[in-house]
There are 4 protein chains.
Amino acid sequence: MSDIKKVVLAYSGGLDTSIILKWLQDEYHCEVVTFTADIGQGEELEPARAKAQKFGVKEIHILDLREEFVRDFVFPIFRANSLYEGEYLLGTSIARPLIAKYLVEIANQSNADAISHGATGKGNDQVRFELGAYALKPEVKVIAPWREWDLNSREKLLAYAEQHDIPIERKKGESPYSMDANLLHISYEGKGLENPWQAPEEEMWRWSVSPESAPDKATTLELTYEKGDIVAIDDKPMSPATVLAYLNKVGGENGVGRADLVENRYVGMKSRGCYETPGGTIMIKAHRAIESITLDREVAHLKDDLMPRYASLVYNGYWWSPERQMLQTMIDASQATVNGKVRVKLYKGNVIVTGRMSATNSLFDTSIATFEDDGGAYNQKDAEGFIKLNALRMRIAARLQQAQKK
Amino acid sequence: MSDIKKVVLAYSGGLDTSIILKWLQDEYHCEVVTFTADIGQGEELEPARAKAQKFGVKEIHILDLREEFVRDFVFPIFRANSLYEGEYLLGTSIARPLIAKYLVEIANQSNADAISHGATGKGNDQVRFELGAYALKPEVKVIAPWREWDLNSREKLLAYAEQHDIPIERKKGESPYSMDANLLHISYEGKGLENPWQAPEEEMWRWSVSPESAPDKATTLELTYEKGDIVAIDDKPMSPATVLAYLNKVGGENGVGRADLVENRYVGMKSRGCYETPGGTIMIKAHRAIESITLDREVAHLKDDLMPRYASLVYNGYWWSPERQMLQTMIDASQATVNGKVRVKLYKGNVIVTGRMSATNSLFDTSIATFEDDGGAYNQKDAEGFIKLNALRMRIAARLQQAQKK
Amino acid sequence: MSDIKKVVLAYSGGLDTSIILKWLQDEYHCEVVTFTADIGQGEELEPARAKAQKFGVKEIHILDLREEFVRDFVFPIFRANSLYEGEYLLGTSIARPLIAKYLVEIANQSNADAISHGATGKGNDQVRFELGAYALKPEVKVIAPWREWDLNSREKLLAYAEQHDIPIERKKGESPYSMDANLLHISYEGKGLENPWQAPEEEMWRWSVSPESAPDKATTLELTYEKGDIVAIDDKPMSPATVLAYLNKVGGENGVGRADLVENRYVGMKSRGCYETPGGTIMIKAHRAIESITLDREVAHLKDDLMPRYASLVYNGYWWSPERQMLQTMIDASQATVNGKVRVKLYKGNVIVTGRMSATNSLFDTSIATFEDDGGAYNQKDAEGFIKLNALRMRIAARLQQAQKK
Amino acid sequence: MSDIKKVVLAYSGGLDTSIILKWLQDEYHCEVVTFTADIGQGEELEPARAKAQKFGVKEIHILDLREEFVRDFVFPIFRANSLYEGEYLLGTSIARPLIAKYLVEIANQSNADAISHGATGKGNDQVRFELGAYALKPEVKVIAPWREWDLNSREKLLAYAEQHDIPIERKKGESPYSMDANLLHISYEGKGLENPWQAPEEEMWRWSVSPESAPDKATTLELTYEKGDIVAIDDKPMSPATVLAYLNKVGGENGVGRADLVENRYVGMKSRGCYETPGGTIMIKAHRAIESITLDREVAHLKDDLMPRYASLVYNGYWWSPERQMLQTMIDASQATVNGKVRVKLYKGNVIVTGRMSATNSLFDTSIATFEDDGGAYNQKDAEGFIKLNALRMRIAARLQQAQKK
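Residues numbered from 1 in each chain as written. Chains lettered and ligands numbered in written order. Predicted model: local features only at pLDDT ≥ 70, side-chain atom pairs only at ≥ 80, totals over all residues. Heavy atoms only, no water.

- An unreviewed UniProt entry annotates chain A as Argininosuccinate synthase originating from Beggiatoa leptomitoformis.
- Annotation of chain A in UniProt includes, under Subcellular location (unreviewed entry), the sentence "Cytoplasm".
- The heading Sequence similarities (unreviewed entry) in the UniProt record of chain A holds the text "Belongs to the argininosuccinate synthase family. Type 1 subfamily." (UniProt positions renumbered as here; feature names shortened; annotations may be inferred.)

### Some details on the pairing of strand β6 (residues 178-181) of chain C
Residues and elements named next belong to chain C.
- Alignment of β6 against strand β7 (residues 186-189), held across four bridges, turns out to be antiparallel. Counterpart to M179 in the pairing with β7 is Y188.
- Between the end of β6 and the start of β7, which pair antiparallel, lie four residues. (Pairing = 2+ DSSP bridges. Helix = DSSP H or I, 4+ residues; strand = E, 2+ residues; numbered from the N terminus.)

### Here we look at the sheet that holds strand β14 (residues 350-357) of chain D
Residue and element names in this part refer to chain D.
- Read from one edge of the open sheet, five strands run β10-β9-β8-β13-β14, paired in antiparallel fashion. On the outer flanks of this sheet lie β10 (236-237) and β14, each paired with one strand and no other.
- Relative to strand β9 (residues 229-233), strand β8 (residues 219-226) runs antiparallel, the two sharing four bridges. Note that in β9 the partner of L223 across the bridge is I233.

### Structural notes on the domain arrangement of chain A
All names here are of chain A.
- According to the domain assignment, chain A contains domain 1 (6-66 + 91-164) and domain 2 (178-294 + 337-357).
- The distance between the C-alpha centroids of domain 1 and domain 2 comes to 29 Å.
- Residue-level contacts link 14 residues of domain 1 with 14 residues of domain 2.
- Per-residue buried area on domain 1 facing domain 2 is highest for G91, K122 and N124; these three make up 37% of the total on that side.
- At the boundary of domain 1 and domain 2, one finds one salt bridge. (Domains from an automatic or database assignment. Contact = heavy atoms within 4.5 Å. Buried area = accessible area lost by both parts, 1.4 Å probe. Salt bridge = Lys/Arg side-chain N within 4 Å of Asp/Glu carboxyl O.)

### Observations regarding the environment of B:V267
- In this fold, B:V267 is placed in the loop between β11 (258-264) and β12 (270-276).
- Look at B:V267 and you get buried, because its relative accessible area is 0%.
- Each C-alpha atom, one on B:V267 and one on B:N316, is 8.8 Å from the other, the two residues being 49 residues apart in sequence.
- Each residue touching B:V267, except ones within four places of it in the same chain, is listed here: A:R297, A:Y378, A:F386, B:K122, B:G123, B:N124, B:Q126, B:V127, D:L389 and D:L392. (Buried < 20%, exposed > 50% of the residue type's maximum accessible area, 1.4 Å probe, protein only.)

### Overview of the packing of helix α3 (residues 66-79) of chain B against helix α8 (residues 240-253) of chain B
Residues and elements named next belong to chain B.
- At a minimum axis separation of 7 Å, α3 and α8 run at an interaxial angle of 85°. One way to sum up the angle between α3 and α8 is to call them roughly perpendicular. Between α3, through R66, E67, V70, R71, V74 and F75, and α8, the contact on the second element is made entirely by P240, A241, T242, V243 and L244. (Axes fitted to C-alpha atoms, helices over the stretch in contact; angles between N-to-C directions. Parallel < 35°, antiparallel > 145°, perpendicular 65-115°, else oblique.)

### What to know about the relation of the copies chain C and chain D
- Least-squares fitting of chain C to chain D yields an RMSD of 0.0 Å, with the transformation described by 0.0 Å of translation along the axis and a rotation of 180°. The superposition of one copy onto the other is thereby described by a two-fold rotation axis.
- Both copies present the same face, since 99% of the interface residues in chain C are matched by interface residues at the equivalent positions in chain D. (Least-squares fit on C-alpha atoms with pLDDT ≥ 70 in both.)

### Some words on the pattern of salt bridges
- Taken as a whole and assessed by the stated rule, the structure comprises 136 salt bridges over all chains.
- We note a salt bridge from C:R66 to C:D64, for which the minimum N-O separation is 2.8 Å.
- Residue D:D229 pairs with D:R79 through a salt bridge whose shortest N-O separation is 2.9 Å. Separated by 150 residues along the polypeptide, D:D229 in strand β9 and D:R79 in helix α3 (residues 66-79) bring together distant segments of the chain. As far as burial versus exposure is concerned, D:D229 and D:R79 are alike and both buried.
- Because the salt bridges share partners, they merge into one network encompassing A:R96, A:D125, A:R128 and A:D180.

### Quick notes on the nonpolar core
- Core analysis: the biggest nonpolar cluster contains 398 residues, and A:F69, B:F69 and C:F69 have the highest contact counts within it.
- For B:F69, the residues in contact, after removing those within four places along its chain, are B:I39, B:V74, B:I94, B:A95, B:L98, B:N182, B:L183 and B:L184.
- A:I4, A:A48, A:L151 and A:I166 belong to the second largest nonpolar core, which has 29 residues in total. (Core = buried A, V, L, I, M, F, W, Y, C linked by side-chain atoms within 4.5 Å.)

### Description of the UniProt feature "domain: Arginosuccinate synthase-like N-terminal" (unreviewed entry) in chain A
- In the UniProt entry, the feature "domain: Arginosuccinate synthase-like N-terminal" (unreviewed entry) is given for residues 6-167 of chain A.
- Across residues 6-167 of chain A, the secondary structure splits into 48% helix and 15% strand, with the terminal C-alpha atoms separated by 24 Å.

### Brief notes about the side chain of B:S334
- Position of B:S334 among the secondary structure elements: in helix α11 (residues 322-334).
- Residue classification places B:S334 among the buried positions, given a relative accessible area of 8%.
- Within the structure, B:S334 has its side chain in polar contact with the side chain of B:Q335 (distance 3.0 Å).
- Setting aside residues no more than four positions away along its own chain, B:S334 makes contact with B:L295, B:V299, B:K303 and D:M326. (Polar contact = N/O pair within 3.5 Å; in protein donor to acceptor, adjacent residues only side chain to side chain.)

Right under this line is the structure:
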């Protein structure tokens, strides 16, 4: 401990990363540069500046990354209809590569030789931060205090804080859960959730009302898509972050977006997580709807076949890997025709698609699909040959089996 | 038209298949054997017998196949978490191979050389019936009247019926939609649904109340799983068909299970369909929940990667193909450990998992997953090496890129 | 027969397509436009002009498409390392979409409403021609005489030719096999090959000597790659078609490139084919070699996972489909780093890679891979954590199993 | 260092594992049990016994595992047509899980709490040994001396040996390469091979003659398959190990089975390896041939699609994982019909299939495939409908595009 001169710390201003800040200064005797980003977690950032200054930090980076986050990270995963293990919308996973990118950019700018973060040694986030950092700056050193120090209990942490004059502000009504928030979602882990048979208590949830408490009247929205991304709501053009913030608000008010899952972490264990993703829950449903009329069948199926793999790459922290980028190239190419509108109804936890249309790219051809007379657009007799040839290999096999039996 | 002596007709007793019955007798001058099955469509079957007798049919087969349908067809697709195009629960698709099987069995028994069905030349059902029949009886002849005759409008059909004394009973309140029902679902196509921007009218739905009309109080169920199948509800053992019927009832009462989709047919066009699948909607959610604690991560991911392909095989009518059976072997093998209980809450269209447990097969290891001190069960330092080696290839590539730039 | 005014015929000048030409004129009473392409089949094209003129054809198109064929069709499939069913290099498959493209272009240019080809109703080629034509000109009419006429035996064909004054030139030494040739390969089907237990006779092969007859001295080549394509041989820059022609020549002289296969046709039956693909056999081996040092592991594995699907798309005739193009986008993107040289030795049927290098993109990092002291470039202790976390899920499962047993 | 009482060492009797033996005794002060297996590496095992005794080892296990190795490990991967990265026959990979299994069995039997092996921290073998051990005995401790000690150069190792009286027998003509051998293959790494542009020297190879030195006369073999495995050669029934030994001998004599590759290791770097796999090279070619006439097309394609994933699992050491076993269940099920004979010709490095037949399971139906008149077995007109419906989605899309342009 060591030849490190300068380290960039992903700093939230909270107790844990404040302890890390101090610990880095003391243990590594190095300059600490702090980086705090607004990715929509819903907390004020300026207090982080004051705190960092108190620790004598000279370089303090506070950035509003909300638009970049939604435009370059959230929207791309929704183009792929990404769900990890069939259910998880990747809310935490997708914020980490953005943080990794800025840790590296600031390190390059500041001539720092290391980065540091507050993720524990048991979770996925350490992997996501570090794979990103190594991919973007291969020689970077990573300091992951939770894997190094012996402050492995709440008591020891608090004692350390006290001993080093780090303010411990107990906010009233503070959550007992381990939480993470950004514009895409807020997550809860730990405490009572560690028993997967036990339902979460109602007080835990912060972004949405329960379906039971949601209004008795439905809310209807019209979402306009261009190349697979939402660009307007109810015909009002909006920036990516505005879209997501708006959907979060309306979704949350209607009890939309709660999930309660047991998922498989990349580091090998199962873990229980609860998530609120109101906007994301609306977006994934609506995106499938707009694709349903604008995407070729086999393109859609190819996307479906590869989606779980893509989602695992994102979940596991391989955002900056060449294989994720290669898949993205293909997915993005598929979205050229995904233009049009989707109407959704939000009601007490339900997201109900009530219409989809595309003035320019609809492949829904009523003249062919109709149950009425189609005036010859489709020749029903073609189906016989289609079936006969598709059946041929099975008929040959069945004939052989029959011959065998005799 | 032709050397056919005897044909087995999938006969519902309704107008369309009654016309087919008569048409077969007249056009093919052959004996018609009727086959009518109870697969939970919710209609009385005895009238079909009377009608067939009226046409002079001598061999009339009426069978209750509900248990076989759920046990051998519905449950297997839920073991795979099957969703076609991310959303469709395969309600119609999965009934067809069962009908195909019995058409062939009865043909073998009765020494018939042909089978016949009432599916049109535009849809998937003709494919599903015929691929099944050819796979099981390769030399069988198939008569698909809709592809042969010129009765291609409602008017011509009714004229034919009148002309041949086929009774046209207009039931009051008859649906204008093209419908299909079995224990897994009821479907609606045609009419106003042919405009994908238009929402279905509330009167269309038959099996479920709307979320808005559902009770204000939630219903909670405990589902017991053995090898991936539900064997009891609220600790009461039930047969497969009883399970599904019960879930349909409770689900429907709580506004669960409506879907409104544009899907890609195997014959090449997009089509709009609305579905009510109350029990299936509960089952797919609950099955993922029980798997989430009992299935190995990589087994689960392998299943997820192959699910869209499996679902397409079922959708396209390849139930009796060797590749579907090969995939099923693998899927079923994975379910040996899928034992335990899931608690679900049904509320106004929502299916909310509120607990999952397995006394015998839970891989959820609290001692490792915990955010508290784990007493050394997991060594956080292992994560460093894990990340370093997973990053190695990306670091080598990034170093090369940096060297190139210089 | 019918409202067709003008048809573009893929015309080789041989007996079969000459009969088709005449038959189209007689049966369809329409103008026939002929299209004859040089794709490296090794036959003079000018006789086709004379013959067409003899039939009164006014529009005669004769085009040299060799460069386009190799550059835009052959090279792309080798970027994907394409092998159908593990062995077939797609020689016939890849020429068809090029022909389809020109049939359509000429039809557009000449205001023709139909196209015609000489492929039979049993093979893959009809599918490849027609899927391509429909994808590029959806309203086009296709006339496939082999599926229409009753000239379904050699005798009837010859009788027709005689009757209509179509010259039957029996070339001396003409092959009894059904053959197809282009710059990528020559194929043989039919006759004795219809017994898969019987080896082909030595006289059948036309492009290569047998390994036994090949020179006792090996030939060595150095192939230079840019973005996955060969751009020079032995440091001599060459155009795509020149590359392939040269490799065919040298390969064939060294007994390289024969294959004898039973393959599964898209139309449902198995068929025996023998192929000579000297250049392609060298290219697929060498391309894997250059990728082995320039491609990221996971990118390479993703390509491998998708290759069989891509190859099936090409084999089945879906070249002009959106899903093939989507895959190609991804594959081509992966080739940006595939630059360097491969040394191959050709010897009596063997293609032996004896070296691969990349001055700009080699990811082979000797300092890390070495068995000697690496000076700390790789920390062997990292492997422990890597293994431990990768094993974690299996250890948890095994512990549970042990507990169960007790 | 530590509470370990007894360790089972995978002991070859060579210098490296002898040093490990002594080092374990000295550093861990624990009892060492040795395990030496004959898996066809072609070395006498009895000297290992004498050496172990010299070190005071009391429990010495020497086992002939050749039949189990081929029957339960080698044959299963050939049923899958396994090739890692398109070229590597998994020779080293497949032996490790067998060794892991016996290390664990002996540990259980001897009440040992640890196992140890001589694989370095840079390679795949450590992963394969340890993943296997952890999966089979989750609480086992693993001692990997190469990752722990500081004997990280040849000099230090020799010094240690000298210092501890460990005999250093320099066999004359000893190879400078790092080698591994078993019944499936022999491998070479290191030294000059670390330059991928440099061809290996002829003297390196040990199991095969060069194609140039192979006999001028070909050797022909007939291989009999039952359920995908070879059970007889030239009609002489043979056990699995005898089959492989025989094919190695005949293959090697004919210059068959050399490979020279750069592969991607699981631990993250690329490495150059040369391999001789004479029997395996024959088997993979012949197995595809027998499958080509006995396997359904879609079953074969499903196998092809999953093969790279299966091969990666085996390569990466996941033999004992549930996902590999799940895939194997499916693969083995597919082999029920893979019965028959393949004729292969071996000539100067070439393996040429000259015939394949199956009296009981051939799906090659000459009556349908024939180019001659098939007497109506196949209706060519069916192809039109087949193509039309397969083209439908592309036609609809093309029509839309045309309409857009106007």
